[in-house]
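These are the residues of each chain, in order.
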Amino acid sequence: MNDLNDISLSEIIKLVKSKKISSVELANHFINNIKKGKKLNSFITTCFDQTIKDSKNFDKKQNFDGLLPGIPIAVKDLFCTKNIKTTAGSKILENFVPTYESTVTNNLWEEGAILLGKLNCDEFAMGSSNETSFFGNVINPLENNFVPGGSSGGSATALAASLTPATIGTDTGGSIRQPASFTGTVGLKPTYGLCSRWGIVAFASSLDQAGPMTKNVEDCALMLEAISGYDKKDSTSINRKKENYSKNLKRTIKGIKIGIPKEYRVDNMPKEIDQLWKNGIDILKKSGAKIIDISLPHTKYALPTYYIVAPAEASSNLARYDGIKYGYRSKKGNNLIEMYEHTRAEGFGDEVKRRVLIGTYVLSSGYYDAYYLKAQKVRKLIKGDFDNSFREVDAILTPSTPSSAFKIGEKANDPISMYLNDIFTVPVNLAGLPAISIPAGKDHKGHPLGLQLITKALDEQKILNIAFAMEKEIDFKQSLNRWWE
Ligand code: GLN
């Protein structure tokens, strides 16, 4: 049944609907792939007995009309899953078993999907390479010793290696789009508030969004349709009618106006990335789009702004991990305060500690105005740049990342060069906008490179339609020889 690895989620759904394959057969196929893919270290937890049980139950159902009928799916280990361990890639939550289900995963199960397991990620989603996970780094299926990107690195690897037919990640500063770009897959960060954050382990609450990671744009539309929607349990959830992204998917480019921001032409950008961008522009032009040069003048402040806002919110969100209510508790310490200190010192990894320190510093009295408040003001200017551009253009095209996947260990000891990876992705989170990364080419090593499309808030249908049209023209071919099996 090897061809199941080469087909998309949408094609798999057709097979299930026409009864050419059962949910149990599908589950067994992916479970087998997961077992053979151990080397990639993309899973933290699996729940195969439950997967098979749920698939058997699904196969007994008559006339099910959900979007994901009996489809086994693995999710990033940042989504709380009822009675199934949820670690957020951290030692501090190593044995945490939630008593509730996140809204987004619940939406998946209501549409008929079945959980395969929980995917590795950077600790509390802080990272761009999946190297900060307490459960070890994840391998890029393109080549051994290369990172899959992060923080949704386990999701990207499991998807690219066909250990799951589709998946979901979270994106606070690029964690869906950057790993998608590094693994030749499609990743979409929705408008802030389109998908509920309820039950997702919080990193930076004003930036966090869940989104789909898939093998193609059609699957992406389908998954977004499945997970999005208003949720009264999340006060930032947008209350509006659910859209039929997959049904309304069309290859529309003609007459569309695409902005090319000059500020994204950064120093030392590899020629290959520049070329990729040019190719994308050519494809759009040939398909009838109008290309317009635009300026997003505050782009250069996006990264420093992000690395103030995100750690500030993280330091506040992570205050709850004190050894009392959740997870790990140190046995050391002679009183309550010492117990807190030992728990956090032993339970958090270095990157998380760095963020908590930065966050506490920028929020402390005397520095608050100079850092946090200033960052909030700059954030508004960054959003203003996008608002101005979208008076003129329908969408913006940029590279997704400033490089292709790098080697494991290459940037692990240099936080600044790691943070620079997010240079093209963080502005979108600060502005709360939707953005997609689609595979658009390869570097000289044959490693994938992605292009990013950005639109104004709630224009997901437009972003998907442009990406759908570009995908056809680009005709990207993933080349994996399954060396890990
Ligand atoms: N790489 C970024 C960071 O480490 C973004 C992470 C994310 O989007 N979760 O903060």
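Our subject is the structure listed above.
Described below are features of the structure shown in this document. (Residues numbered from 1 in each chain as written. Predicted model: local features only at pLDDT ≥ 70, side-chain atom pairs only at ≥ 80, totals over all residues. Heavy atoms only, no water.)

### Quick notes on the overall build of the protein chain
Here is step 1: Secondary structure assignment for the protein chain yields 15 helices and eleven strands.
Here is step 2: Rg of the C-alpha trace for the protein chain: 21 Å, near the compact-globule value of 23 Å for 485 residues, within the 12% margin.
Here is step 3: The contacts of the protein chain with a sequence gap of at least 6 include a subset with a gap of at least 24, amounting to 75%.
Here is step 4: A total accessible area of about 19,400 Å² is found for the protein chain, and carbon and sulfur atoms account for 50% of it.
Here is step 5: Averaging the positions of the 63 positive and the 53 negative side-chain charges in the protein chain gives two centres separated by 2 Å. (Helix = DSSP H or I, 4+ residues; strand = E, 2+ residues; numbered from the N terminus. Rg over C-alpha atoms; globule rule 2.2 N^0.38 Å. Contact = heavy atoms within 4.5 Å. Areas by Shrake-Rupley, 256 points an atom, 1.4 Å probe, with all protein chains shown as cover. Lys, Arg positive; Asp, Glu negative; His and termini not counted. Charge placed at Lys NZ, Arg CZ, Asp CG, Glu CD.)

### Observations regarding the packing of aromatic side chains
Here is step 1: On inspection of all chains with the given rule, the structure shows 18 aromatic pairs.
Here is step 2: Ring geometry for Phe124 and Tyr321: centres 5.0 Å apart, planes at 50 degrees, overall tilted. Note that Phe124 is positioned in the loop between strand S3 (114-119) and helix H5 (153-160) and Tyr321 in the loop between helix H9 (302-317) and helix H10 (336-347), a separation of 197 residues in sequence. The residues Phe124 and Tyr321 share a single accessibility class, namely buried.
Here is step 3: A network of ring pairs unites the aromatic residues Phe96, Phe124, Tyr321, Tyr326 and Phe348 as a single cluster.
Here is step 4: Lying over the aromatic face of Tyr328, Lys91 brings its terminal NZ or CZ to 4.8 Å of the ring centre.
Here is step 5: A cation sits over an aromatic face here: Lys411 above Phe406, 5.0 Å from the ring centre. (Phe/Tyr/Trp six-rings, centres within 6.5 Å; stacked < 30°, edge-to-face > 60°. Buried < 20%, exposed > 50% of the residue type's maximum accessible area, 1.4 Å probe, protein only. Lys NZ or Arg CZ within 6 Å of the ring centre and 35° of its normal.)

### What to know about unusual backbone geometry
Here is step 1: Across the junction of Gly150 and Ser151, the peptide omega takes the value 5 degrees, indicating a cis bond.
Here is step 2: Its identity as a non-glycine residue notwithstanding, Asn130 has a phi of 65 degrees, on the positive side.
Here is step 3: In this fold, Asn130 is placed in the loop between S3 and H5.
Here is step 4: What makes Asn130 buried here is its relative accessible area of 0%.

### Looking at the environment of Ser133
Here is step 1: Its place among the elements puts Ser133 in the loop between S3 and H5.
Here is step 2: Once residues lying within four places of it in the same chain are set aside, the contact partners of Ser133 are Gly89, Asn120, Cys121, Asp122 and Glu123.
Here is step 3: There is a polar contact of 2.7 Å between the side chain of Ser133 and the side chain of Asn120.
Here is step 4: Side-chain polar atoms of Ser133 contact the backbone nitrogen of Phe135, separated by 2.9 Å. (Polar contact = N/O pair within 3.5 Å; in protein donor to acceptor, adjacent residues only side chain to side chain.)

### Some remarks on the pairing of strand S9 (residues 395-399)
Two faces belong to every sheet, and in a regular strand the side chains alternate between them.
Here is step 1: Judged by how many residues are buried, S9 sits mostly within the fold: five of five residues are covered.
Here is step 2: Here strand S7 (residues 257-261) pairs with S9 via two bridges, running parallel. Paired with Ile258 across the two strands is Ala395, which belongs to S9.
Here is step 3: Pairing of S9 with strand S11 (residues 448-455), which is carried by five bridges, proceeds in the antiparallel orientation. Paired with Ile396 across the strands is Ile454, a residue of S11. (Pairing = 2+ DSSP bridges.)

### Quick word on a nonpolar patch on the surface
Here is step 1: Among the surface-exposed residues, Tyr361, Tyr367 and Tyr371 lie close enough to one another that they form a single nonpolar patch of about 280 Å² accessible area.
Here is step 2: Mapped onto the secondary structure, Tyr367 falls in the loop between helix H11 (350-363) and helix H12 (369-389).
Here is step 3: Assessed through its relative accessible area of 37%, Tyr367 is described here as partly exposed. (Patch = residues over 30% accessible without salt bridge, like charges linked within 9 Å, V, L, I, M, F, W, Y side chains within 5 Å. Salt bridge = Lys/Arg side-chain N within 4 Å of Asp/Glu carboxyl O.)

### A word on the packing of helix H7 (residues 217-227) against helix H15 (residues 460-474)
Here is step 1: Contact geometry of H7 with H15 gives a least axis separation of 9 Å together with a crossing angle of 160 degrees. On the basis of the axis angle, H7 is roughly antiparallel to H15. Crossing angle aside, the handedness with which H7 passes H15 is left-handed. Here H7 contributes Val217, Glu218, Cys220, Ala221 and Leu224 to the contact with H15, which in turn contributes Glu460, Leu464, Ala467, Phe468 and Glu471.
Here is step 2: Class assignment of the residues belonging to the contact of H7 with H15 gives a composition of seven nonpolar, no polar and three charged. (Axes fitted to C-alpha atoms, helices over the stretch in contact; angles between N-to-C directions. Parallel < 35°, antiparallel > 145°, perpendicular 65-115°, else oblique. Left-handed = near helix turned anticlockwise from the far one by under 90°. Nonpolar A, V, L, I, M, F, W, Y, C, P; charged D, E, K, R; others polar.)

### Observations concerning the site of the ligand
Here is step 1: Taken together, 15 residues sit near the ligand, with Thr172, Gly173, Ser175, Tyr306 and Arg355 positioned nearest.
Here is step 2: In the environment of the ligand, an oxygen atom lies 2.6 Å from a nitrogen or oxygen atom belonging to the side chain of Tyr306.
Here is step 3: Here an oxygen atom of the ligand sits 2.7 Å away from a polar atom, N or O, in the side chain of Arg355.
Here is step 4: In isolation the ligand has 300 Å² of accessible area, and contact with the protein removes 100% of it.
Here is step 5: Looking at side-chain class alone, the shell around the ligand contains five nonpolar, seven polar and three charged residues. (Near = heavy atom within 4 Å.)

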